[in-house]
Amino acid sequence: MKIVISDDYQDCVRGLDAFQQLEGFDVTVYHDTLTDLDALSARFQDAEALVLIRERTPITAALLERLPNLKVISQTGSGAAHVDIEACRKHGVTVMVGAGSPYAAAELTWGLVLSAMRHIPAEIENLKAGRWQRTLGTGLKGRTLGIFGYGKIGSLVARYGQAFEMNVLVWGREGTRQRAADAGLEVAESQTALFQRSDVLSLHLRLSDETRGIVSAESLAQMKPTALLVNTSRSQLIAPGALEQALKAGQPGQAAIDVFDAEPVFKSSLLELPNLVATPHLGYVEKDSYELYFGDAFSNLLAYIDGQPINNLAG
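Residues numbered from 1 in each chain as written. Predicted model: local features only at pLDDT ≥ 70, side-chain atom pairs only at ≥ 80, totals over all residues. Heavy atoms only, no water.

Engineer: Looking at this structure, I do not really get the sheet that holds strand E7 (residues 167-171). What am I missing?
Structural biologist: Across a sheet, strands are paired by hydrogen bonds formed along the backbone, either parallel or antiparallel in direction. Read across the open sheet, the seven strands follow the order E8-E7-E6-E9-E10-E11-E12; overall the sheet is parallel. Edge positions in the open sheet fall to strand E8 (186-187) and strand E12 (276-278), since each of these has one partner strand only. (Pairing = 2+ DSSP bridges. Helix = DSSP H or I, 4+ residues; strand = E, 2+ residues; numbered from the N terminus.)

Engineer: What am I meant to see in the sheet that holds strand E3 (residues 49-52) here?
Structural biologist: Taken together, the five strands give an open sheet; going across it, the order is E2-E1-E3-E4-E5, and neighbouring strands pair in parallel fashion. The open sheet terminates on both sides in strands that have one partner only, identified here as strand E2 (26-29) and strand E5 (94-96). On average, each strand axis in the sheet is tilted by 15° relative to the strand beside it, whichever way the strands run. Bridging between strand E4 (residues 72-75) and E5 involves three bridges; their strand directions are parallel. Bridge assignment links Ile73 to a residue of E5, and that residue is Val95. Lying on the sheet, helix H11 (residues 287-305) is in contact with strand E1 (2-5), E3, E4 and E5; it crosses E4 at an angle near 155°. (Axes fitted to C-alpha atoms, helices over the stretch in contact; angles between N-to-C directions. Contact = heavy atoms within 4.5 Å.)

Engineer: How should I be thinking about the pattern of salt bridges in this particular structure?
Structural biologist: Opposite charge on two side chains allows them to pair when their charged atoms are near. Enumeration over the complete set of coordinates arrives at 13 salt bridges. The partner of Glu165 in a salt bridge is Lys141, with the nearest N and O atoms 3.7 Å apart. In this pair, Glu165 sits in the loop between helix H6 (152-163) and E7 while Lys141 sits in the loop between helix H5 (120-128) and strand E6 (144-148), placing the two residues 24 residues apart along the sequence. Residue Glu272 pairs with Lys267 through a salt bridge whose shortest N-O separation is 3.8 Å. Assigned by exposure class, Glu272 and Lys267 land together as exposed. (Salt bridge = Lys/Arg side-chain N within 4 Å of Asp/Glu carboxyl O. Buried < 20%, exposed > 50% of the residue type's maximum accessible area, 1.4 Å probe, protein only.)

Engineer: Where do I start with the pairing of E7 in this structure?
Structural biologist: Taken residue by residue, a regular strand's side chains alternate between the two faces of the sheet. Extensive coverage of E7 is indicated by the burial of four of its five residues. Bridge analysis of E6 against E7 gives five bridges, and the strand direction is parallel. Residue Ile147 lies in a different strand from E7, and its bridge partner there is Val170. As for the winding sense of the linkage, the β-α-β connection from E6 through H6 to E7 is right-handed. Relative to E8, E7 runs parallel, the two being bridged by two bridges. Within E8, the position partnered with Val170 by the bridge is Val187. For the segment spanning E7, helix H7 (residues 174-182) and E8, crossover handedness is right-handed. (Right-handed = clockwise from strand over helix to strand, strands pointing away.)

Engineer: Is there a simple way to explain the nonpolar core in this structure?
Structural biologist: If you look at soluble globular proteins, the nonpolar side chains tend to sit buried side by side. Core analysis: the biggest nonpolar cluster contains 27 residues, and Phe148, Leu220, Leu229, Ile238 and Leu243 have the highest contact counts within it. Looking at this core, the elements with two or more residues in it are E7, helix H8 (191-197), strand E9 (200-203), helix H10 (242-249) and strand E11 (254-257). Among the elements that line this core, the one with the most residues is H10, at four residues. Sequence-distant contacts of Phe148, defined by excluding residues within four places in its chain, comprise Trp171, Gly172, Gln191, Leu194, Phe195, Leu201, Ser202, Leu203, His204, Leu205, Ile214 and Val215. Counting residues in each nonpolar core, the second largest holds 24 residues, with Leu140, Leu145, Ile147 and Val168 among its members. (Core = buried A, V, L, I, M, F, W, Y, C linked by side-chain atoms within 4.5 Å.)

Just distances and angles here, no functional claims.
Here is the structure:
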């Protein structure tokens, strides 16, 4: 079977312990993302199996029309919103998903919180340029940490906030609010109250039709000029252009993000703002996570080859 792994930006997949599962197979690994349909279909033309790294390459109906040899897609992680499942069913392509882990993303979220509140990236550059102590940071103890979405990642970030002696405030769907209350956390009176009261507000929602654009320009304008917005979930949770507009207006005063509307990003007016700390979607990019994600993806693929497909979304 001809297996193609796309978008291995770090050229690290072949070095994973999990990759040994594919020993003896015809495997091609690419290290960049293509967006042109003709180029993408040419790259995948001979592939019988695709192993996808999260949402880096969308699999559309138009692309599937051009891939007659494709039999199976094995997805790293548990989400496949970037794959047209109905089109896969139509073309008889099996789509399998694996497990995910919340820890790496939660840890990066907290790293961004500390980096932004204490101006760590700016001060590193200052120090390297011969400038000593040019900013005044803000501590976390006693301040309010807002959690929008109390799922696996959000609940971990809430615990980190408690360890730093922050007051944790939660909002989300009814189930989210109940879980937070059961954990002894304060539930905000409304989404508006969450945005108004938070000193640090972290987004931890799944992207869906319901949550797309749920953070509007009006929501951001309700935040304190001293507040920090953190987004390590999905860029599309925020209305198009709203974050850049809000940061220019100074409400919130800062943002720290790990996600963008279109990735990879090489140039963006958002990145030029001085009150933004940003990383290139590193939330899940960590050795243990990769071993888990690819271990599952490769195991699922081998199960399919053995005639026993599991976790099939297109069945």
